[in-house]
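Reading the structure
This is what each chain is made of:
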Amino acid sequence: MKGFYNGKTNIFKTYKNIEECINAYFGKETLNGNNQYQCDICQCKVDAERYTEMDVLPPILNIQLMRFVYEFTNGNYTKKKLKHAVQIPKTISARDYLLHSADSDEIYELVAVLYHKGVSVDSGHYIANVCDYNTNVWWKCDDSTVTKIDQDELLKVSSDGDTKSSNSKVSSSSGIG
């Protein structure tokens, strides 16, 4: 889809907010030692840097947090759900976190949060909180039940793993376009 950016980032127990997740996603990784890059041109392993960057800001930004890790126990890999809270701000500055060379400081506003409720990666239930663009009213959509929620309730965090920010897909939009 043109003009749409979907960034998936793995998060770990040390990341407590979206800003830390974004910084990690766009951070540079040095490939050296046993982790060197295989160059297609010279057919040799070489030191390199790997990173992701944006050339242009999209009008809609979708951030998906991969809220699990693989653990190796008893000879098998299993997925483990990360249950700590990740704070989600109402706005994200494009210049501060996405495109440092932006001509102006575009602000992305939070418009939706999709989160998972459940004790494991393999079971549970998804719920969406969405903002009505015309009225700026937030709604909690849980299957066939739709209820109005307060903006403070939207961003409430806890550490039990069943929070608005526990396994989130955050969509934001700005005045870019």
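Heads up: the structure comes first, above all this text.
The following paragraphs examine the structure supplied in this document. (Residues numbered from 1 in each chain as written. Predicted model: local features only at pLDDT ≥ 70, side-chain atom pairs only at ≥ 80, totals over all residues. Heavy atoms only, no water.)

1. With respect to the overall build of the chain
Of the regular secondary structure elements, the chain holds 3 helices and 14 strands. Within the chain, buried positions represent 33% of all 177 residues. Here the analysis covers contacts within the chain between residues at least 6 apart in sequence; of these, 57% occur between residues at least 24 apart. If you sum the accessible surface of the chain, you get close to 11100 Å²; carbon and sulfur atoms cover 49% of it. (Helix = DSSP H or I, 4+ residues; strand = E, 2+ residues; numbered from the N terminus. Buried < 20%, exposed > 50% of the residue type's maximum accessible area, 1.4 Å probe, protein only. Contact = heavy atoms within 4.5 Å. Areas by Shrake-Rupley, 256 points an atom, 1.4 Å probe, with all protein chains shown as cover.)

2. Quick look at helix α1 (residues 18-26)
In an α-helix, one turn spans 3.6 residues, which is why side chains three or four residues apart end up on the same side. Looking at α1, one finds that the buried residues are Ile18, Glu19, Cys21, Ile22 and Phe26. Taken end-on, α1 shows its buried residues confined to a sector of 160 degrees, consistent with a single buried face. For α1, the side-chain oxygen to backbone nitrogen distance between the N-cap and Glu19 is 3.2 Å, and the N-cap itself is Asn17. (Arc of directions from axis to C-beta. Polar contact = N/O pair within 3.5 Å; in protein donor to acceptor, adjacent residues only side chain to side chain.)

3. Some words on the pairing of strand β13 (residues 145-149)
Bridge count between strand β12 (residues 138-142) and β13: 5 bridges; the pairing is antiparallel. Residue pairing in the sheet places Lys140 in a bridge with Thr147 of β13. Linking two consecutive strands that pair antiparallel, namely β12 and β13, is a turn of 2 residues; a positive phi of about 55 degrees is found at Asp143 within it. (Pairing = 2+ DSSP bridges.)

4. Observations concerning the pattern of salt bridges
Inspection of the entire model under this criterion finds 3 salt bridges. A salt bridge links Glu49 to Lys28; its shortest N-O distance comes to 3.8 Å. One end of the pair, Glu49, is in strand β5 (residues 48-50); the other, Lys28, is in the loop between α1 and β2 (29-31), and 21 residues separate them in sequence. (Salt bridge = Lys/Arg side-chain N within 4 Å of Asp/Glu carboxyl O.)

5. Considering unusual backbone geometry
Positive phi, normally seen in glycine, also occurs at Asn74, with a value near 55 degrees. Along the polypeptide, Asn74 turns up in the loop between β7 (68-73) and β8 (76-81). Given a relative accessible area of 80%, Asn74 falls into the exposed group. Phi at Asn136 takes a positive value of approximately 60 degrees, unusual for a residue other than glycine. As for its position among the elements, Asn136 is in the loop between β11 (123-131) and β12. Residue class for Asn136 comes out partly exposed when judged on its relative accessible area of 48%.

6. Here we look at the environment of Gln43
Structurally, Gln43 can be placed in the loop between β3 (37-38) and β4 (45-46). Gln43 gets classed as exposed once you look at its relative accessible area, which sits at 55%. Looking at Gln43, its side chain comes within polar contact range of the main-chain oxygen of Asp40, at 2.5 Å.

7. Here we look at the side chain of Lys81
The topology assignment puts Lys81 in strand β8. A relative accessible area of 7% places Lys81 in the buried class.

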